Amino acid sequence: MTSQHQRPIPLLLTGLVVTLLGIVGTRAEEPTSPPASEPLVVDQRGPTIKAAYKDYFLIGTAGDMPGRYSDQEMGLVKEHFNIVTPENCMKPGPIHPSENTWRFERPDALVEWCEDNNIAVHGHTLVWHAQTNDWFFRDGDKAAVTQRMKDHISTLVGRYKGKIRGWDVVNEAINDGGNAQTARTENLRSSSWLRAMGPEFLTLAFKFAHEADPEAKLYYNDYGIETGPKHASSMVLLKRLINEGAPIHGVGIQGHWSTGRIPYAALDKAISDYASLGLEVSITELDVTIRGASGGQFGRGFGGRRFGGDAPPAPQDLKAQADAYARLFSIFVKHKEVIRRVTFWGLSDRRTWRFGQHPLIFDSNNQRKPAYAAIVDALLHPNPDLAAPR
Ligand code: XIL
């Protein structure tokens, strides 16, 4: 009874074919290293994440396929994911660099490749403060900027009508930070869109998108909206959009997090809050870094060599990351009635905007990481404690 050996090992990864290399057979002679610092070996052939979650929600990846992807990477996308979000090629900057210039080559190739391979596409993104060229706002009064927005949305959404199942219509309109006072307001970011068109820019963007493709599921997408004053502001904003008759169907919680700093309880509640407004929810840009910065902000100083480049992560970090992913997916499963899609922001620890921080479920050599196995295991061997976050 009291024997140490009979206590279950508190590993979320138990039940998986996860072997601690170098332990077996050598333990008596070399008891020096604790198991967590030994490399974790993950079964590469178990059920795929897409198959495991097929009755729950879509499993996505972001990227600008086929582009410069290797055959092995393309194979990975086909085998493990059933929906793709273009990472950059449909953003206003790349696709519509000036008023009379459209660059459809890469987006067309992506949509065609996905169609050929029976993979759905989620469009990203129509109206954003970043990766949007100045011509939209130059010398324009409200009417002129509104017309440019309308032309942009009608052309883009119209072109892929019936081929792209949903769109991030407005991305990241709410300010970071916030306090008790801003929590009672929408606390909109002072973007060029807001300055030119006022708060109505959001409602109009949704209306234009809906006119261009009445079947498309239209999303408001943002980071950090699951917690704190920013969550409160998101509720104020969404209620206003609904009241104004904006054709909005869902909220995208981006999900740029960092191991050890995930607001599980707030996330659990935020999903219920959005559902209470009659909206569906997707996790749209999931990545969980094991070191360094997280959050949706970008600019200089994230990723790259600063965090060790491609140096392999420590086994205990991979284990902690796997546990974090298992907890997240346990929460998503609990909310399966409202969650439509969980999309990872990138394909592998090589194909990620957080390069060097090892945030994804495939490593730099396209191998399944412990996180991958833990996510599948969270469904096959559910642990109710994980879905009741503290
Ligand atoms: C990022 C891309 O991953 C990078 O390649 C690009 O340089 C900058 O944008 N929130 C979003 C995404 O909505 O569009 C951003 O993608 C990451 C943060």
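Scroll up to find the structure this text is about.
Residues numbered from 1 in each chain as written. Predicted model: local features only at pLDDT ≥ 70, side-chain atom pairs only at ≥ 80, totals over all residues. Heavy atoms only, no water.

### Here we look at the packing of aromatic side chains
Each pair of aromatic rings is reported with the distance of its centres and the angle of its planes. Evaluated as defined, the whole model comprises 16 aromatic pairs. Ring centres 6.1 Å apart and planes at 45° place the aromatic pair F136 and F137 in the tilted group. With centroids separated by 6.1 Å and ring planes inclined at 15°, the aromatic side chains of F329 and F344 adopt a geometry described as stacked. You can see F329 sitting in helix α10 (residues 315-334) and its partner F344 sitting in strand β11 (residues 339-344), a full 15 residues away along the chain. As far as the burial class goes, F329 and F344 line up, both buried. Among the aromatic side chains, those forming a connected cluster through ring pairs are Y53, Y56, F57, F81, Y325, F329, F332, F344, F362 and Y372. For the cation-ring pair, R351 lies above Y69, with the distance from its terminal atom to the ring centre recorded as 4.0 Å. The ring of W353 carries R354 above its face, with NZ or CZ at 3.9 Å from the centroid. (Phe/Tyr/Trp six-rings, centres within 6.5 Å; stacked < 30°, edge-to-face > 60°. Helix = DSSP H or I, 4+ residues; strand = E, 2+ residues; numbered from the N terminus. Buried < 20%, exposed > 50% of the residue type's maximum accessible area, 1.4 Å probe, protein only. Lys NZ or Arg CZ within 6 Å of the ring centre and 35° of its normal.)

### Focus on the packing of helix α7 (residues 200-212) against helix α8 (residues 228-243)
Helix packing for two helices is described by the angle between their axes and how far apart those axes are. Between α7 and α8, the least distance of the axes is 10 Å, while the angle of their chain directions is 55°. As far as their axial angle goes, α8 and α7 are oblique. For α7 against α8, the interelement crossing comes out right-handed. On α8, the residues that touch E200, L202, T203 and F206 of α7 are L237, R240 and L241. Its residues assigned to classes, the contact of α7 with α8 shows four nonpolar, one polar and two charged. (Axes fitted to C-alpha atoms, helices over the stretch in contact; angles between N-to-C directions. Parallel < 35°, antiparallel > 145°, perpendicular 65-115°, else oblique. Left-handed = near helix turned anticlockwise from the far one by under 90°. Contact = heavy atoms within 4.5 Å. Nonpolar A, V, L, I, M, F, W, Y, C, P; charged D, E, K, R; others polar.)

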